[in-house]
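A closer look at the structure
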Amino acid sequence: MKKYRFNILLVTLLLLLLIYPFLEHFQLIGLTYLLNVFTTIILISSVHAVSENRRQLVLALSIIVPAIVLGWGHELFQFEMSQVGATTMQIIAFGFIAYHILRYALRGGRVDAEKIAAAVCVYLLLGVVWQELYVLVDIFIPGSFNAEALSVRDFLYYSFITLSTLGYGDITPANGPAQALAYTEALVGQLYLTILVARLVGLYIANAGSDGAGDT
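Below or above, wherever it landed, is the structure these notes cover. Because the structure is a prediction, the values reported are computed rather than measured. Numbering of residues starts from 1 in each chain and follows the order in which that chain's sequence is written. Owing to the predicted nature of the model, reporting of local features is limited to residues with pLDDT of at least 70; listing and counting of side-chain atom pairs is limited to 80 or more, with chain, interface and lining totals taken over all residues. Side-chain numbers here rest on the full set of heavy atoms in the structure, without hydrogens or water.

In this description a helix means any DSSP run of H or I spanning at least four residues, a strand means any run of E spanning at least two, and both kinds are numbered starting from the N terminus. Take S46: it is sitting in helix α3 (residues 34-50). N or O atoms closer than or at 3.5 Å make up a polar contact, with two conditions inside protein: a donor-capable atom paired with an acceptor-capable one, and, for residues adjacent in sequence, both atoms drawn from side chains. A distance of 2.7 Å separates a polar side-chain atom of S46 from the backbone oxygen of I42. For this analysis, residues touch if any pair of their heavy atoms sits within 4.5 Å. Contact partners of S46, with chain neighbours within four places excluded, come to L9, I64 and I97.

Moving on: the layout of surface pockets. Think of a 1 Å grid over the protein atoms and nothing else: a 1.4 Å probe that fits but is trapped marks a cavity, an open set flanked by protein within 12 Å on at least five of seven lines marks a pocket, and residues with an atom within 4 Å of a point count as lining. Grid points are joined across faces, edges and corners, and a volume is the space filled by probe spheres set on the points. Considering only enclosed or pocket space, the largest pocket measures out at about 380 Å³ in volume. Within the residue set of the lining of the largest pocket, elements represented by two or more residues are α2 (20-26), α3, α4 (54-77), α5 (80-106), α6 (113-140) and α7 (152-163). For this classification, the nonpolar set comprises Ala, Val, Leu, Ile, Met, Phe, Trp, Tyr, Cys and Pro, the charged set comprises Asp, Glu, Lys and Arg, and every other residue, Gly included, is treated as polar. Of the residues assigned to the lining of the largest pocket, the class counts are 11 nonpolar, 10 polar and 4 charged. Volume-wise, the second largest pocket comes out at about 170 Å³. Considering each element in turn, the lining of the second largest pocket owes the most residues, 5 residues, to α7. Taken together, the residues of the lining of the second largest pocket break down into 6 nonpolar, no polar and 1 charged.

Between helix α1 (residues 5-18) and α3, the least distance of the axes is 9 Å, while the angle of their chain directions is 170°. When the axes of α1 and α3 are compared, the pair comes out roughly antiparallel. Crossing geometry of α1 relative to α3 is assigned as left-handed. Packed against α1, whose contacting residues are R5, F6, I8, L9, T12, L13, L15 and L16, the element α3 presents L35, F38, I41, I42, S45, S46, H48 and A49 at the interface. When grouped by side-chain class, the residues that make up the contact of α1 with α3 number 11 nonpolar, 4 polar and 1 charged. For helices, the fitted line uses only the C-alpha atoms of the stretch in contact; every axis is such a line through C-alpha atoms, and the angle between N-to-C directions lies from 0 to 180 degrees. Roughly parallel refers to an angle under 35 degrees, roughly antiparallel to one over 145, roughly perpendicular to one between 65 and 115, and oblique to any angle outside these ranges. Here a crossing is called left-handed whenever its near helix is offset anticlockwise from the far helix by less than a right angle, and right-handed whenever the offset is clockwise.

Ranked by internal contacts, the top residues of the largest apolar core, which has 65 residues, are L9, I97 and I101. Looking at this core, the elements that each hand over two or more residues are α1, α2, α3, α4, α5, α6, α7 and α8 (176-215). Take this core: its biggest share by element is 18 residues, from α6. Throughout, nonpolar core names a set of buried Ala, Val, Leu, Ile, Met, Phe, Trp, Tyr and Cys residues whose side chains join them through atoms within 4.5 Å. Exposure classes here rest on a 1.4 Å probe applied to the protein chains alone. A residue is buried below 20% of its type maximum, exposed above 50%, and partly exposed in between.

With that settled, the discussion passes to the pattern of salt bridges. Pairing is possible between side chains that carry opposite charge, provided their charged atoms lie close to one another. Each reported salt bridge corresponds to a side-chain nitrogen of Lys or Arg within 4 Å of a carboxyl oxygen of Asp or Glu. Summed over the entire model, instances satisfying the criterion amount to 2 salt bridges. R107 is the partner of E52 in a salt bridge, and the nearest nitrogen-oxygen pair spans 2.8 Å. Taken together, the positions of E52 in the loop between α3 and α4 and R107 in the loop between α5 and α6 put the pair 55 residues apart, joining distant regions of the chain. Under the relative-accessibility criterion, R107 is labelled partly exposed at 41%. With a shortest N-O distance of 3.9 Å, D154 and R153 are connected by a salt bridge. Residue D154 is classed as buried on the basis of its relative accessible area of 17%.

The next subject is the packing of aromatic side chains. Stacked, tilted and edge-to-face are the three classes applied to pairs of Phe, Tyr and Trp rings, where Trp contributes its six-membered ring and a pair requires centres within 6.5 Å; stacked means planes under 30 degrees apart, edge-to-face means over 60, and tilted covers the rest. Scanning the entire structure with this criterion turns up 8 aromatic pairs. Each ring, one from Y134 and one from F145, has its centre 5.6 Å from the other, and the planes form 90°; the classification is edge-to-face. Taken together, the residues Y134 in helix α6 and F145 in the loop between α6 and α7 connect sequence positions 11 residues apart. Arranged with centres 5.3 Å apart and planes meeting at 70°, the rings of F145 and F155 form a pair that is edge-to-face. Within this pair, whereas F145 is found in the loop between α6 and α7, its partner F155 is found in helix α7, the two being separated by 10 residues in sequence.

Laid out in structure tokens, this is it:
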């Protein structure tokens, strides 16, 4: 099971991106706290992904459990400051997860499918981290984006549109902090894909080719 820990996390992230918007829009299931359910599933699966030993497990739990508790605390009580605490803790938790998975992806040795999955997980986690950053900026500076009544789902959409540099223009940053976050995310997303992921995929193909040549 440990061998596929990044595949499990990757599946949960893809469920957030591909399934959650449809469930929410068409109200296919009656969960009021649907986004928090997906966030909790991702955080729980992340514990498995980043814990290679007991010390790492304890450290991961000490960061991820408070993020889950604060997230549900905000959903249940809906205080504005509880949203600030929950969002901040989730930024820390997702950043911690992305950092540890990136360390694994950059580790020396053979590039295999597990490292490719780890690298893709980091890319998707970057989108989630920036989504939380956009939420935080909009809390402290209302009207930071040129759109009305933005939900957390809207910020998730905007984050991945920015990360991939599609830039449809339906949501745009309206002040300096929001603009800085947007162009930083676009730069990080493009550099990450062109430098790291492309290199890992190239090494993976090269390894596969050498294995095939060795078998003949």
